[in-house]
Amino acid sequence: MLPTQEYPGLLIAVARRRIKQAVLARAAHRGISPQQFWLLVGLRERRATSQTELAERLHVDAPTASRVLATLVRRRLVRMEEDPADRRRARVRLTRAGEELAGELAGIAGEIRTAMVEGMSAAELDGLRRGLHKIISNLERLEARAAKEAS
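Residues numbered from 1 in each chain as written. Predicted model: local features only at pLDDT ≥ 70, side-chain atom pairs only at ≥ 80, totals over all residues. Heavy atoms only, no water.

A few words now on the sheet that holds strand E2 (residues 78–83). Pairing is antiparallel in the open sheet, where 3 strands are placed in the order E1-E3-E2. Two strands lie at the open edges of the sheet, namely strand E1 (49–50) and E2, each paired on one side alone. Sheet analysis places E1 next to strand E3 (residues 86–94), joined by 2 bridges and oriented antiparallel. Pairing of Ser50 across the sheet is with Arg91, part of E3. (Pairing = 2+ DSSP bridges. Helix = DSSP H or I, 4+ residues; strand = E, 2+ residues; numbered from the N terminus.)

Any empty space left between atoms is shown by rolling a water-sized probe over those atoms. Taken as a whole, the largest pocket encloses approximately 1,900 Å³ of empty space. Surrounding the largest pocket, 35 residues form its lining, Ile19, Leu58, His59, Met116 and Leu132 being those nearest its centre. Of all elements in the fold, only helix H1 (8–27), helix H2 (34–45), helix H3 (51–58), helix H4 (62–74), helix H5 (96–117) and helix H6 (122–150) reach the threshold of two or more residues within the lining of the largest pocket. In terms of residues, the lining of the largest pocket owes the most to one element, H6, which gives 9 residues. Residues that form the lining of the largest pocket fall into these classes: 22 nonpolar, 6 polar and 7 charged. (1 Å grid on protein atoms, 1.4 Å probe; cavity = no way out; pocket = protein on both sides within 12 Å on 5 of 7 lines; lining within 4 Å. Points joined across faces, edges and corners; volume = space filled by probe spheres on them. Nonpolar A, V, L, I, M, F, W, Y, C, P; charged D, E, K, R; others polar.)

Formed by 23 residues in total, the largest nonpolar core has its most connected members in Phe37, Leu40, Val78 and Leu105. Only H1, H2, H4, E3 and H5 provide two or more residues apiece to this core. The dominant element in this core, judged by the number of residues it contributes, is H5, at 6 residues. Apart from residues lying up to four places away in sequence, Leu105 is in contact with Ala27, Arg30, Ile32, Phe37, Leu40 and Val41. (Core = buried A, V, L, I, M, F, W, Y, C linked by side-chain atoms within 4.5 Å. Buried < 20%, exposed > 50% of the residue type's maximum accessible area, 1.4 Å probe, protein only. Contact = heavy atoms within 4.5 Å.)

Moving on, we come to unusual backbone geometry. Positive phi is not limited to glycine here, since His59 has a value of about 60°. The topology assignment puts His59 in the loop between H3 and H4. Notably, Arg76 is not glycine yet its phi reads approximately 60°, a positive angle. Secondary-structure assignment places Arg76 in the loop between H4 and E2. On the accessibility criterion, Arg76 (67% relative accessible area) is exposed.

Two elements, E2 and E3, share 6 bridges in a ladder whose sense is antiparallel. Across the sheet, Glu82 pairs through a bridge with Ala90, a residue of E3. Between E2 and the antiparallel strand that follows it, E3, lie 2 residues.

Once that is clear, we can look at the packing of aromatic side chains. Any aromatic ring pair is given by two values, namely how distant the centres are and how the planes are angled relative to each other. Tallying each qualifying case throughout the model produces 1 aromatic pair. Relative to Trp38, the ring of Phe37 has its centre 4.7 Å away and its plane inclined at 85°; by these criteria the two rings are edge-to-face. Residue Phe37 is classed as buried on the basis of its relative accessible area of 0%. (Phe/Tyr/Trp six-rings, centres within 6.5 Å; stacked < 30°, edge-to-face > 60°.)

Laid out in structure tokens, this is it:
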């Protein structure tokens, strides 16, 4: 252990908390959670998509995506439609009210995304992305090993 260096996990947790605080400070008066915020922004950026595609894009599990979508459907910000290409699959679309809100939120998302990487060079940003992807892969392997050992 290096006492003068902070663990990457701690720094990731702090960064995540700061992002959540930035979203809440800018969007809480609209009555939406950070997960709803990013889902609405994600839908705006990638029009009609399936629940599975949306969950993958936002890196959340299927039950979380389903729960957040159900709330947004009840609020009439999102609607589920049958996929004409595959009747077993539903497409997720923003309603008119959802489009309006997501349009407002897109500016906030851009502001937060810009602030997160302010002052970073392209090389630093690329290194950060590579490092975070490596951490995610390492933890996925750890979980897979634990699941295998438990079975």
